[in-house]
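So you can see what is in the structure, the chains are spelled out below.
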Amino acid sequence: MQITGGWVYDPDEGFAERTVCTDGEKIARSSGDAQNLDASGCYVLPLLIDLHIHGYAGADAGSADSAELEQMARALLMQGVGAFCPTTMTLPEARLAAVCRCAAAYCKERHPGAQVAGIHLEGPFLAPERRGSHDEALLQNPDPELLRRLQEAGEGVVRLMTLAPELPGALPLIQMAVKQGVRVSLGHTQADYATARAALRAGAAQCTHLLNAMTPFGHRAPGVVGAAFDVPGTMVELICDGIHVHPAMVRAMFRLFGPERVVMVSDALPPAGLPEGTYHLGSQEITVDHGRAVLSDKPETLAGAVCSLMECVRRAVSFGIPLADAVRAASWNPACALGMETRMGSLRPGQEAGAVLLDRETLETRAVVARGCVVEK
């Protein structure tokens, strides 16, 4: 395939008019006598990577059901997402182990839709005061043996773990997790600046949905945000739906950390992509109304988000974030965070042959390419 006439994104160069060639399931330098996909009037982006997503289109990442994983993967690919980390809520150990086993088995087979890049374990090592929609009764202090058992059940499928670094045993768990290839992210935390900085220096490398469910960014108490800024290389998740973080703060965080350190995430729930109404998230009821998903019995508490990562990109641009910066935050940066940058995150030769064509005027999706073929709706 040759994708011609479009403005193609590159992490180093931004957008430039050029042709993208594919050879089989890889980006290539040339395609010979190949099918042409006209991208005139379009931006051409790499497929996005969502490393924090609880569900989509009615499918629950914590269901431990391969059929729901496939349902989620198919729906996400149509939204331009090429890989994702199914993200757990705080659940009983048996359920978490089942989720890990399911994901491990799923990854061994070839499925249509977006790829599963590994499990994101959000909980149970979270601070009760900042639990958000997580079940307080199931929270616990960091436990290396629990992580070991989950990794054994899932054959190493846990790739990312959120924890509160002020909890007893957090630093040893961070060090153990990093040795096992698990990326540690600070979140749902009451940690002050010094505690967060110590955790980042111990091996944590990221912050979960920056500004949400953590200590405020204050001028005398800079908290987790200040620590993340001060430790070089720390990446920060940001939910750019305009609900979790005010547009002015989205602009501020992109300027503070620079586009190379922001990882845009959806934090989407199973009702994302479905009509508004009442749904269940684990044992809790949530209500989706006017784009907000809240706990039905605590409407002041956001339960998560209900828009896709591609919609977050569009909204970020509407807030004033340059498109190239928004695309980097949703593709190249998460690829680097997960160690996938040799396979995904750009449209350079040797990468997997996936792309999204966006209308240059509306940023609406014109076409999605995966494994070298146009994805049919």
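This report concerns the structure included in the present document. (Residues numbered from 1 in each chain as written. Predicted model: local features only at pLDDT ≥ 70, side-chain atom pairs only at ≥ 80, totals over all residues. Heavy atoms only, no water.)

**Overview of the packing of helix α1 (residues 66-78) against helix α2 (residues 93-107)**
Running from amino to carboxyl end, α1 crosses α2 at an angle of 60°, the nearest separation of the two axes being 10 Å. Classified by the interaxial angle, the pair formed by α1 and α2 is oblique. Of the two possible hands of crossing, α1 and α2 adopt the one that is right-handed. On α2, the residues that touch Ser66, Leu69, Glu70 and Ala73 of α1 are Cys102, Ala103 and Tyr106. Residues of the contact of α1 with α2, tallied by class, amount to five nonpolar, one polar and one charged. (Axes fitted to C-alpha atoms, helices over the stretch in contact; angles between N-to-C directions. Helix = DSSP H or I, 4+ residues; strand = E, 2+ residues; numbered from the N terminus. Parallel < 35°, antiparallel > 145°, perpendicular 65-115°, else oblique. Left-handed = near helix turned anticlockwise from the far one by under 90°. Contact = heavy atoms within 4.5 Å. Nonpolar A, V, L, I, M, F, W, Y, C, P; charged D, E, K, R; others polar.)

**A word on the nonpolar core**
Grouped together as the largest cluster of nonpolar side chains are 99 residues, with contacts concentrated most on Phe84, Met161, Leu163, Leu210, Leu238, Phe254 and Met264. Looking at this core, the element that brings in the most residues is α2, giving eight residues. Listed in part, the 16 residues of the second largest apolar core include Ala305, Ala335, Ala337 and Leu338. (Core = buried A, V, L, I, M, F, W, Y, C linked by side-chain atoms within 4.5 Å. Buried < 20%, exposed > 50% of the residue type's maximum accessible area, 1.4 Å probe, protein only.)

**A word on the environment of Thr301**
If you trace the backbone, Thr301 turns up in strand β22 (residues 298-304). For the pair Thr301 and Cys100, spaced 201 residues apart in sequence, the C-alpha to C-alpha distance is 28 Å. Excluding residues that lie within four positions of it along the chain, Thr301 makes contacts with Gly132, Ser133, Ala293, Val294 and Leu295.

**Some remarks on the pattern of salt bridges**
On inspection of all chains with the given rule, the structure shows 15 salt bridges. The salt bridge involving Glu155 is made with Lys108; its shortest N-O contact spans 3.0 Å. Within this pair, whereas Glu155 is found in the loop between α3 (144-153) and β14 (158-163), its partner Lys108 is found in the loop between α2 and β12 (115-116), the two being separated by 47 residues in sequence. The exposure class of Glu155 is exposed, given its relative accessible area of 56%. Residues participating in the shared-partner salt-bridge network are Glu311, Arg314, Arg315 and Glu364. (Salt bridge = Lys/Arg side-chain N within 4 Å of Asp/Glu carboxyl O.)

**Considerations on the packing of helix α8 (residues 309-318) against helix α9 (residues 323-330)**
Where α8 meets α9, the axes come as close as 9 Å, and the angle between the chain directions of the two elements is 150°. By the angle between their directions, the pair α8 and α9 is classed as roughly antiparallel. Note that α8 runs across α9; the crossing there is right-handed. Along the contact surface, α8 presents Leu309, Val313, Ala316 and Val317, while α9 presents Leu323, Ala326 and Ala330. By residue class, the composition of the contact of α8 with α9 is seven nonpolar, no polar and no charged.

**Concerning the state of the cysteines**
As enumerated under the stated definition, the model contains zero disulfides in all. Not part of a disulfide, Cys100 finds its nearest cysteine sulfur in Cys102, a span of 9.9 Å. Free cysteine Cys107: the closest other cysteine sulfur is in Cys102, separated by 9.3 Å. By relative accessible area, Cys107 is classed as partly exposed at 41%. (Disulfide = S-S within 2.5 Å.)

**Re the environment of Met310**
Among the structural elements, Met310 can be located in helix α8. As a C-alpha pair, Met310 and Val81 span 229 residues in sequence and 7.5 Å in three-dimensional space. Not counting the four nearest positions on each side in its chain, Met310 is found in contact with Leu45, Leu48, Gln79, Gly80, Val356, Leu358 and Thr365.

**A short note on α8**
Buried within α8 are the following residues: Leu309, Met310, Cys312, Val313, Arg314 and Ala316. The positive-phi residue at the C-terminal boundary of α8 is Gly320, with phi of around 110°.

**A few points about the side chain of Thr22**
The residue Thr22 is located in strand β4 (residues 20-23) in this model. Ignoring any residue separated from it by four or fewer positions in sequence, one finds Thr22 in contact with Met1, Ile27, Ala28, Ser31, Ala353 and Gly372.

**Notes on the packing of aromatic side chains**
Tallied over the full model, the rule gives three aromatic pairs. Relative to Tyr43, the ring of Phe15 has its centre 4.8 Å away and its plane inclined at 55°; by these criteria the two rings are tilted. Placement of Phe15 in strand β3 (residues 14-17) and of Tyr43 in strand β7 (residues 42-46) is noted, with a sequence separation of 28 residues between them. Members of the aromatic cluster, joined through ring pairs, are Tyr9, Phe15 and Tyr43. Lying over the aromatic face of Trp332, Arg348 brings its terminal NZ or CZ to 5.1 Å of the ring centre. We note Arg360 situated over the ring of Tyr43; from NZ or CZ to the ring centre the distance is 5.3 Å. (Phe/Tyr/Trp six-rings, centres within 6.5 Å; stacked < 30°, edge-to-face > 60°. Lys NZ or Arg CZ within 6 Å of the ring centre and 35° of its normal.)

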